[in-house]
Amino acid sequence: MTTKHLAFTSALSALRGALALTAVAACSSDHAPPDVVGPASGFDPASADSPRLDPAEIGKDRAVNLSIYRNRRFSPEERAADLVSRMTLAEKASQMISSRAPAIPSLGIPAYGWWNEAAHGVAREQVNDRGNPPNTVNTTSYPVDLSLGSTWNPELMYREAVLISDEAREVFRENKLNLNFYAPTINLARDPRWGRNDEAFSEDPVLTAAISAQFVNGMEGKDQQGRLLVEGGGYLKVNTTLKHYAANNSEFNRRRGSSDMDERTLREYYTAQFRDVIRSSDPASIMSAYNRVNGVPVAASIQLKEVLARSIFGFQGFFTSDCDAIREIQSGHKWQPPGYPHPLDAVERHAFAAVAGEDLNCNWGYHDSYSYANTLVDAVARAIPTPTGIFNENDVDPLVTRLFAARIRLGEFDDDARVPWVTQARARVAPGTWTNSDDNGAITQTPERLAMAREVGAEAIVLLKNSETRRKDGSTGKLLPLQVPRAGEFRLAVIGTYANPAEVFLGGYSSDQGPAGNANAVNGYSGIKAAVQAINPAAVVDFYPGVTPETLTEVDPASVAAAAEYDVVVVYVGTDGRHSREDVDRSTLALPGAQAELIRQVAAQNPSTVVYMETVGQMDVGSFEPGVAALLWSSYNGQRKGEALADVLLGAHNPSGRLPFTWYANLSDLPPIDDYAIRPTESSLGRTYMYFQGAVTYPFGHGLSYTRFRYSNLSTNQASVDANGALRVSVNVSNVGRTAGDEVVQLYVSTPGARAALERPRKRLRAFQKISLRSLESRTVSFDLRIADLAFFDEGQGRYTVDAGTYGIQIARSAADADIAAQTSVTVTGALQPVPAVVTARPQIAGDHELGIQQRVFFPVGAEIDPQLTVSLSDESVHGYITKGASRPLPEGMRVSFESNRPRVVSVDGAGTLRAVAPGVATVTASVEYRGVTAKVDFVIYVRST
């Protein structure tokens, strides 16, 4: 191999090109280099279908090229390039749609449905050539994302995601097709009115990233550190899709609105969780949102996708549009790019989306008759001018290549017997025995999966209130956990239509449950009754509707009158898809119908009244909360919700849920839902626990337990720390109660000395741990904080900077100042010394940028290759090539080197020049070294003889 180091003065000549493939510093690739094989790489040297090929022979004829495409000695990117090299432009375009990419029999490519759903259980598989994907029937349905966020337990999310992806492999076509899932939703729950809050994990980027990263890892067949599992043979289990990128948090205008904000808010809040999941878990794909950000449709935003996501965050996967966000460029936004002579038409919109890096067109949803499949050929023929140059076939090649690399990583094109995820699924469910109807007998709703739904549901429930009260029997104490005598008379009423529906409400993006699936569901009443009578078979547990079923509009007088006759009453209230969903925001936080009045009347009849709210998010509790002693909340809590609730009510599970959002006291304190600012203004009290200045009913992070925890001995390993250093924070946590329980140890950081003009948050969650302690057990909990992670984005400098001065370290039970259990402070000194973090290569033929040719996968023999590198430093400053016409010199002292894994295909000469030498495929590695740190990127060059 040939390697050449380039000095700073000559490096800029190498900074031109098009194919965006990125790598993050200090992170090894999930895929070994093509000449390196081993159990974790996915390339088996002993494989009969992996003949050793002479690189000089590559590219000579179709048969040999097909051997490369099928040869696991080559990387997925090399194999994908080989496959795409034999497609016509029309064939390439045909593969870039979700519903459904058609088969190409001559190349051995089956039809592929990209649009599948598994937000909280396998829910849809795209088997339609046109139209939305049908729901799956009788697949396991777990609690929704917001309930997962309430657990504050990333490890639990990981274990659930493993089971979801197992089930996906079992039930989807041939155990290897249609394995791209449009989940998880990681938009932040910044406003309680947002119609899709149940799909979010929390209002906080750190909590959201921690939990959603484990969804990605568990689904994609990785460990909790984001590394491919050895037992997966180097293959991904499924593909996940982070959505909706970015700032898509209001339904009434989601397809036509613009989310406007300053760059600091965009970086620190609306995209921070995307950045962190990308860097920790390397997700397969991201969905671009419908909306505009600062006036530019995300589907056509080079800045958001190519620059921010790829060049700065290090995203290496493919982008898909929301369905159909590319259509909305024209139909909803009627977008006319700056300097363009007219609003984009149906062909131009697809060209602009493609050059912005939109690899896949989800082409149904709000569809029309135009898609990538039937416009990209016309777009090339029309020579449409775009921000990157005249649209041409070279712009299409990297997009479709990324799509096929994603499919190859799943093992689709390899021998089934050599793909562990396939063989394992077929061992659990015999091929051909599962059908997408009730005839499947719900066989994949296994005891293990149903138990997981119950476990997650119990851990998601938040105990909001559990006050001392005079019970109905005259005794004084807390109502929860309920004390059920093992014998004798005990009467409990469950009141509320949501407690005993014919079918439980599972939330959006749920599978359908036929009779077999419904037989595995446990609603609130059934769960409570079974649990109580398991303790006391003589106990009476009755159900009353409470309000008029369906309409909820009137209190049922008989239910209220009956309440007085029971030892305990559980009032079960809620919301469902009628009140809030995709396309429908809430205009009020009041409980629907007469449910609040029901609570008031029942509590007046019986002081031993417990209220459970299963809702889309925060509710207005002001009218009834003072009159009840015990109050519980969760979001939509899955197939075994009744068992989960009973576990908490009866103390089988000590509640450990914590609120993942701020529970605002007054909706009127919030700015309009389409106001995307976070920090307070003259007319706004701000948003989220970080900035909100108004009254709060329950703070972010709040949640009670049946035991008590005490904190002591808070310490830091140093009182003063450099901006480039790290800090260890330790605290002792003791369970001083008589019951075992779980505590969420929350670490917040404040900047008490910051100037008001800097508009710093009152505090920020920076770390948390969920721990289990027996009665009277103590443990030391430690956190390692990188000071660089405390930086703020400086818009003037275009990078993150660390404030020098005093930082408050708070160990707390919630974000409320009253819940600070221990605190100290440290002094931060110095300034960040950034090092290379992400390198991006966009290779092209040297000089082609002057002709408007920006993107290439394929190069002719003899071409000089200009890699066009972009280097993002750890402070998110960007250097080298950025976008067409925008470059920034590399920092002085930065060194660049290249090496080729097949020098006979692509050579690197003594001057560091890359050249296409002979037909074949090669991977070039660009290394950037600065301040003792090296970051690398691999990019594929496919050399053709003509």
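Rules of the game
- Residues numbered from 1 in each chain as written.
- Predicted model: local features only at pLDDT ≥ 70, side-chain atom pairs only at ≥ 80, totals over all residues.
- Heavy atoms only, no water.
- Core = buried A, V, L, I, M, F, W, Y, C linked by side-chain atoms within 4.5 Å.
- Buried < 20%, exposed > 50% of the residue type's maximum accessible area, 1.4 Å probe, protein only.
- Contact = heavy atoms within 4.5 Å.
- Disulfide = S-S within 2.5 Å.
- Helix = DSSP H or I, 4+ residues; strand = E, 2+ residues; numbered from the N terminus.
- Axes fitted to C-alpha atoms, helices over the stretch in contact; angles between N-to-C directions.
- Parallel < 35°, antiparallel > 145°, perpendicular 65-115°, else oblique.
- Left-handed = near helix turned anticlockwise from the far one by under 90°.
- Nonpolar A, V, L, I, M, F, W, Y, C, P; charged D, E, K, R; others polar.

## Description of the nonpolar core
Link 1 in the chain: Counting 135 residues, the largest nonpolar core has Y245, Y372, F391, F404 and L765 as the members making the most contacts within it.
Link 2 in the chain: Excluding anything up to four places from it in sequence, Y372 contacts A93, M96, I97, I326, H350, A353, A354, E358, D359, L360, N361 and L399.
Link 3 in the chain: Counting 67 residues, the second largest nonpolar core, distinct from the first, contains I528, A562, V568 and W663.

## Digging into the state of the cysteines
Link 1 in the chain: Tallying each qualifying case throughout the model produces one disulfide.
Link 2 in the chain: Each sulfur in the disulfide pair C323 and C362 lies 1.7 Å from the other. Here the disulfide of C323 and C362 is right-handed, its torsion about the S-S bond being about 85°. With a gap of 39 residues between them, C323 in the loop between β8 (318–321) and α11 (325–330) and C362 in the loop between α12 (348–355) and α13 (372–382) connect regions that are remote in the sequence. Each member of the pair, C323 as well as C362, carries the same accessibility label: buried.

## What about the packing of helix α7 (residues 205–220) against helix α9 (residues 272–281)?
Helix packing for two helices is described by the angle between their axes and how far apart those axes are.
Link 1 in the chain: Their axes nearest at 9 Å, the elements α7 and α9 cross at an angle of 40°. The angle between α7 and α9 falls in the class oblique. Relative to α9, α7 is oriented so that their crossing is right-handed. Here α7 contributes P205, T208, A209, S212, A213, V216, N217 and E220 to the contact with α9, which in turn contributes A272, Q273, D276, V277, S280 and S281.
Link 2 in the chain: Broken down by class, the residue content of the contact of α7 with α9 amounts to six nonpolar, six polar and two charged.

## Regarding unusual backbone geometry
Link 1 in the chain: Note the cis peptide between C323 and D324, where omega equals 10°.
Link 2 in the chain: Mapping D324 onto the fold places it in the loop between β8 and α11.
Link 3 in the chain: Of the consecutive residues L480 and P481, the connecting peptide bond is found in the cis state with omega at 0°.
Link 4 in the chain: With respect to the helices and strands, P481 occurs in the loop between β13 (476–478) and β14 (491–495).
Link 5 in the chain: The backbone of A247 shows a phi angle near 55°, a positive value even though the residue is not glycine.
Link 6 in the chain: Turning to its location among the elements, A247 is positioned in the loop between β3 (241–245) and β4 (258–259).
Link 7 in the chain: For A247, a relative accessible area of 1% corresponds to the buried category.
Link 8 in the chain: In this model, T688 sits at a positive phi of 65°, which is unusual for a non-glycine residue.
Link 9 in the chain: By secondary structure assignment, the location of T688 is in helix α22 (residues 688–691).

## Considering the packing of helix α6 (residues 154–171) against helix α16 (residues 447–460)
Link 1 in the chain: Closest axis-to-axis distance for the α6/α16 pair is 11 Å, and the angle between their directions is 150°. The angle between α6 and α16 falls in the class roughly antiparallel. You can see that α6 and α16 cross each other, and the crossing is left-handed. Of the residues in α16, those in contact with L156, R159, E160, L163, D166, E167 and E170 of α6 are E448, R449, M452, E455, V456 and E459.
Link 2 in the chain: Taken together, the residues of the contact of α6 with α16 sort by class into four nonpolar, no polar and nine charged.

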